[in-house]
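# Chain and residue survey
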Amino acid sequence: MATSLGCIFFAFYITILLQRCRALNGQWANVAPACTRLHNNVERVSSSVEDCQLLCEQEEDFRCLSVDFSSSTRRCLLSRYNRNSVASTDDFTQPCYTDGWVYSERLDLGFPWSETVLGCIKSNNDREHTVSSMEECQLLCERETSFPCMSVDFRDEQCLLSRYNRESIRPLSDYTQPCYLERYQYSERIDKKYFWTETAHACIRNNNNGRHEDIESFEDCQDLCLQETSFACLSAEYFPDGDDQVCLLSSFNRNSVQPREDFTQPCYTEGGIYSERVNVGQWIPVIEGACISGFNEWSGDVEDFESCKILCSQRSNCCSVDYSRDSKRCLLTSRTRATVEDSDFVTSCGSYSYSERTDVRCVTA
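A brief structural summary. Within any chain, residue numbers begin from 1 and follow the written order of that chain's sequence. Owing to the predicted nature of the model, reporting of local features is limited to residues with pLDDT of at least 70; listing and counting of side-chain atom pairs is limited to 80 or more, with chain, interface and lining totals taken over all residues. Side-chain figures throughout are based on the complete set of non-hydrogen atoms in the structure, without hydrogens or water.

## Remarks on the nonpolar core
W196, C221 and L249 are the most contacted members of the largest nonpolar core, which totals 22 residues. Within the residue set of this core, elements represented by two or more residues are α4 (218-227), β15 (235-239) and β16 (246-250). Going along the chain from the N terminus, every DSSP run of H or I of four or more residues is numbered as a helix, and every run of E of two or more is numbered as a strand. With four residues, α4 is the single largest residue contributor to this core. In this description, contact between two residues means that some pair of their heavy atoms is separated by no more than 4.5 Å. For L249, the contacting residues outside a window of four places in its chain are N208, N209, G210, H212, C221, L224, C225, E228, F231, C233, S235 and A236. Within this scheme, the nonpolar core is defined by two criteria: the residues are buried Ala, Val, Leu, Ile, Met, Phe, Trp, Tyr or Cys, and they are joined through side-chain atoms within 4.5 Å. Each residue is assigned to one of three classes by its accessible area relative to the maximum for its type, calculated with a 1.4 Å probe on protein chains only: buried under 20%, partly exposed between the two thresholds, exposed over 50%. Ranked by size, the runner-up nonpolar core spans 19 residues in total, among them L65, F92, F111 and M134.

Right, here's the structure in full:
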């Protein structure tokens, strides 16, 4: 009898666990009799629209934003577009141009690209690829890891990736619309702002956490700051004129360094060039007094919540942070509220506060 009860309890536990693992983590719009036309990236077989939505959340080859589902054929179509980002307003039809289809889109994720225009960035392309469409070019930019890709130029299967966009390029005349060369199309990421302030002849005195030599350009120095994981890198200085071509990285910027006189403009050493980080991705509003209990994978001591988020943004698999303003302790994890047990997300966590990223995939249970 005891053995039978144990088996029943175990089966019930497994059922609940499977249901939890299959639960939707994203926020979805109400299902409507509608569909997108010719903008589906992947087709799957699904038993319900809820299962189709779950397949969308679990998609790893692209950022899935919407689904079309037919209950009669069990066809589930996944798309990286939604009703607002398809190329033409005619590409979203309500009701669907084919009977029997319903549509739903994610409310917690947005299409990360601006509308495509006839424009281009001149002479500031960091990488070139051969692809068949603007969509493929945008996806390559999203997947780029060697530098922060902010925009693309596309023409005749040529895909050019750039760390700049129309706002950050200097001089501004290096962005032309229409492009100075015919037929080039331009699009830029709208889910990320440019990572750096404009360069200035300035520097921080005696507050450098990292030093690199023989660095060929200031852009390479900035990339080293973005890749730094031993501390939250907030600013970079570059000295191009010396024999060593030195790059100095700091956990401070012009506003956080103490005393303030340690930021000098122009630099107290001739030739110093300075820039600081201004964006760390997209995050939910801070939840005061909350934290995830027991899932902290990395930690560090930083000056403020913004620095804690920067420390997280420098790790590809970091999804959320707990930060204590009292102890300056920054705790990082690959989990979020949606991927831990309800009891592990604590809303009475003393001096700690919580936030999680919305611009990276953090939905795996």
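## Comments concerning α4
A turn of α-helix holds 3.6 residues, and therefore any two residues three or four places apart point the same way. All of the buried residues along α4 are F218, C221, Q222, D223, C225 and L226. Buried residues along α4 sit against β15, β16 and β18 (273-276).

## Here's the deal with the sheet that holds strand β22 (residues 320-324)
A strand pair is defined by DSSP finding two or more bridges across the two strands. In spatial order, the strands read β19-β25-β22-β23-β21; together these five strands make up an open sheet with antiparallel pairing. Each of the sheet's edge strands pairs with one partner strand only, and the pair in question is β19 (287-288) and β21 (298-301). Where β22 and strand β23 (residues 329-333) come together, four bridges link them in antiparallel fashion. Note on β23: the bridge partner recorded for V321 is L332. On the sheet, helix α5 (residues 305-313) packs against β22, β23 and β25 (352-356) and is oriented at approximately 150° with respect to β22. Convention adopted: a line fitted to C-alpha atoms gives each axis, helices being fitted over their contacting stretch, and angles between N-to-C directions are expressed from 0 to 180 degrees.

## Overview of the environment of Q222
Within the secondary structure, Q222 sits in helix α4. In this structure Q222 comes out as buried when scored by relative accessible area, which is 4%. The spacing of Q222 and A236 is 14 residues in sequence and 6.2 Å in space, taken between C-alpha atoms.

## So, empty space enclosed by the protein
Cavities and pockets were defined on a 1 Å grid built over protein atoms only: a cavity is a set of grid points that admits a 1.4 Å probe from which the probe cannot escape, a pocket is an open set flanked by protein on both sides within 12 Å along at least five of seven lines, and lining residues are those with an atom within 4 Å of any such point. Grid points are joined across faces, edges and corners, and a volume is the space filled by probe spheres set on the points. Following the criterion strictly, the structure yields one cavity of 30 Å³ or more and no others. P148, R163, Y194, W196, Q222 and D223 together form the lining of the largest cavity. In this classification, Asp, Glu, Lys and Arg are treated as charged, Ala, Val, Leu, Ile, Met, Phe, Trp, Tyr, Cys and Pro as nonpolar, and every other residue, Gly included, as polar. Considered class by class, the residues forming the lining of the largest cavity number three nonpolar, one polar and two charged.

## Topic: unusual backbone geometry
Most of the time, phi is negative for any residue but glycine, and the peptide bond is trans. In this structure, the amide linkage connecting Q177 to the following residue, P178, adopts the cis form with an omega of 0°. By secondary structure assignment, the location of P178 is in the loop between β11 (175-176) and β12 (185-188). Here the bond from Q265 into P266 is cis, since omega is 5°, no more than 30 degrees from zero. Of note, P266 is situated in the loop between β17 (263-264) and β18.

## Here we look at the layout of surface pockets
A volume near 350 Å³ is recorded for the second largest pocket. Taken together, 17 residues make up the lining of the second largest pocket; nearest its centre are Y81, S85, V86, A87 and T116. Looking at the lining of the second largest pocket residue by residue, the class counts come to seven nonpolar, eight polar and two charged.

## Points about the sheet that holds strand β6 (residues 101-105)
Ordered by their spatial adjacency, four strands build an open sheet running β2-β4-β3-β6, and the pairing between neighbours is antiparallel. Strands with a single pairing partner mark the edges of an open sheet, and in this sheet they are β2 (42-45) and β6. Each strand axis lies, on average, 20° off the axis of its neighbour in the sheet, ignoring direction. Where helix α2 (residues 49-58) meets the sheet, its contacts fall on β2, β3 (66-70), β4 (75-79) and β6, and the angle it forms with β3 comes to roughly 145°.

## Focus: the pattern of salt bridges
A pairing counts as a salt bridge when a side-chain nitrogen of Lys or Arg comes within 4 Å of a carboxyl oxygen of Asp or Glu. Inspection of the entire model under this criterion finds 17 salt bridges. In this structure, R44 engages E59 in a salt bridge whose closest nitrogen and oxygen atoms are separated by 3.1 Å. Taken as a pair, R44 in strand β2 and E59 in the loop between α2 and β3 lie far apart in primary sequence, 15 residues in all. Among the residues examined, E59 registers a relative accessible area of 5% and is labelled buried. Among the ionic pairs, E288 bridges to R325, the shortest N-O distance being 3.3 Å. Linking E288 in strand β19 with R325 in the loop between β22 and β23, this pair joins segments that are 37 residues apart in sequence.

## Points about the environment of L38
Within the element layout of this structure, L38 appears in the loop between β1 (35-36) and β2. C-alpha separation for the pair L38 and V257, spaced 219 residues apart in sequence, amounts to 53 Å.

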